[in-house]
Amino acid sequence: MDIVPRPVTFTRMQDGSPEEFATVKLAERAQKAELPHRIIVALTAIEEEGVGGYQVNRTQHSLQSATRAFRAGRRPTTSSPH
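Please read these numbers as outputs of a predicted model, since none were measured by experiment.

Q: Would you mind going over the overall build of the protein chain with me for this structure?
A: Looking only at helices and strands, the protein chain has two helices and zero strands in total. When the 82 residues of the protein chain are sorted by exposure, 10% land in the buried category. Roughly 7700 Å² of accessible area belongs to the protein chain as shown, and the carbon and sulfur atoms make up 56% of that amount.

Q: Where do I start with the pattern of salt bridges in this structure?
A: Side chains bearing opposite charge may pair, as long as their charged atoms lie close to each other. In total, this model carries two salt bridges according to the counting rule given. The residue Asp15 makes a salt bridge to Arg12 at a minimum N-O spacing of 3.0 Å. Judged by relative accessible area, Asp15 falls into the partly exposed class, the value being 40%. You can call Arg12 partly exposed: its relative accessible area is 47%. A salt bridge links Glu28 to Lys25; the nearest nitrogen and oxygen atoms lie 3.9 Å apart. Here Glu28 pairs with Lys25, and both are found in helix 1 (residues 18–45), just three residues apart, close to one helical turn.

Q: Would you take a moment to explain the packing of aromatic side chains for this structure?
A: The geometry of an aromatic ring pair is captured by two quantities: the separation of the ring centres and the angle between the planes. Under the counting rule described, the total for this entry stands at one aromatic pair. Taking the centre distance of 5.1 Å and the plane angle of 35 degrees together, the rings of Phe10 and Phe21 count as tilted. Linking Phe10 in the segment before helix 1 with Phe21 in helix 1, this pair joins segments that are eleven residues apart in sequence. Look at Phe10 and you get buried, because its relative accessible area is 16%.

Q: Where do I start with helix 1 in this structure?
A: Spacing of three or four residues puts side chains on the same side of an α-helix, whose turn is 3.6 residues. In this model, helix 1 (28 residues) spans 39 Å end to end at C-alpha, consistent with the 40 Å of a helix rising 1.5 Å per residue. Along helix 1, the sharpest change in direction is near 45 degrees and occurs at Leu35; proline Pro36 comes one to four residues later. Buried residues of helix 1: Glu20, Thr23, Ala27 and Leu43, and no others. Where helix 1 is buried, its residues touch helix 2 (58–71).

Q: Mind showing me how you'd approach helix 2 here?
A: Taking 1.5 Å of rise per residue, 14 residues should cover 20 Å, and helix 2 covers 20 Å from first to last C-alpha, within 8% of that figure. You can read the cap of helix 2 off the contacts: a side-chain oxygen lies 3.0 Å from the backbone nitrogen of Thr59, and it is on Asn57. Directly after helix 2, the chain includes Gly73, whose backbone phi takes a positive value near 80 degrees.

Q: Would you mind going over the side chain of Thr59 with me for this structure?
A: Considering the arrangement of structural elements, one finds Thr59 in helix 2. By relative accessible area, Thr59 is classed as buried at 11%. Of note is the side chain of Thr59, whose polar atom sits 2.4 Å from the backbone oxygen of Leu43. A distance of 3.3 Å separates the side chain of Thr59 from the backbone nitrogen of Glu47, its partner in a polar contact.

Rules and cut-offs
Residues numbered from 1 in each chain as written. Predicted model: local features only at pLDDT ≥ 70, side-chain atom pairs only at ≥ 80, totals over all residues. Heavy atoms only, no water. Helix = DSSP H or I, 4+ residues; strand = E, 2+ residues; numbered from the N terminus. Buried < 20%, exposed > 50% of the residue type's maximum accessible area, 1.4 Å probe, protein only. Areas by Shrake-Rupley, 256 points an atom, 1.4 Å probe, with all protein chains shown as cover. Salt bridge = Lys/Arg side-chain N within 4 Å of Asp/Glu carboxyl O. Phe/Tyr/Trp six-rings, centres within 6.5 Å; stacked < 30°, edge-to-face > 60°. Expected span 1.5 Å × (residues − 1). Bend = angle between axes of the 7 residues up to and from the residue. Contact = heavy atoms within 4.5 Å. Polar contact = N/O pair within 3.5 Å; in protein donor to acceptor, adjacent residues only side chain to side chain.

Here it is in structure tokens:
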């Protein structure tokens, strides 16, 4: 499903029209509104993944890691340090 009714025509930000930016802004808002649901879906999808044998599954590990990082004041990252 496309969030944007029609793609913008510009290839450089400086060439975008106010109408195009307004369209993109609406699409961004719609996408952000879906973010909590998308996170839950992603966490649910990895719940049964993994090699097994551990005391926690991948979802539990992800939530534990995020909680520990948050409590330690760490900034969010989008990639693993490994």
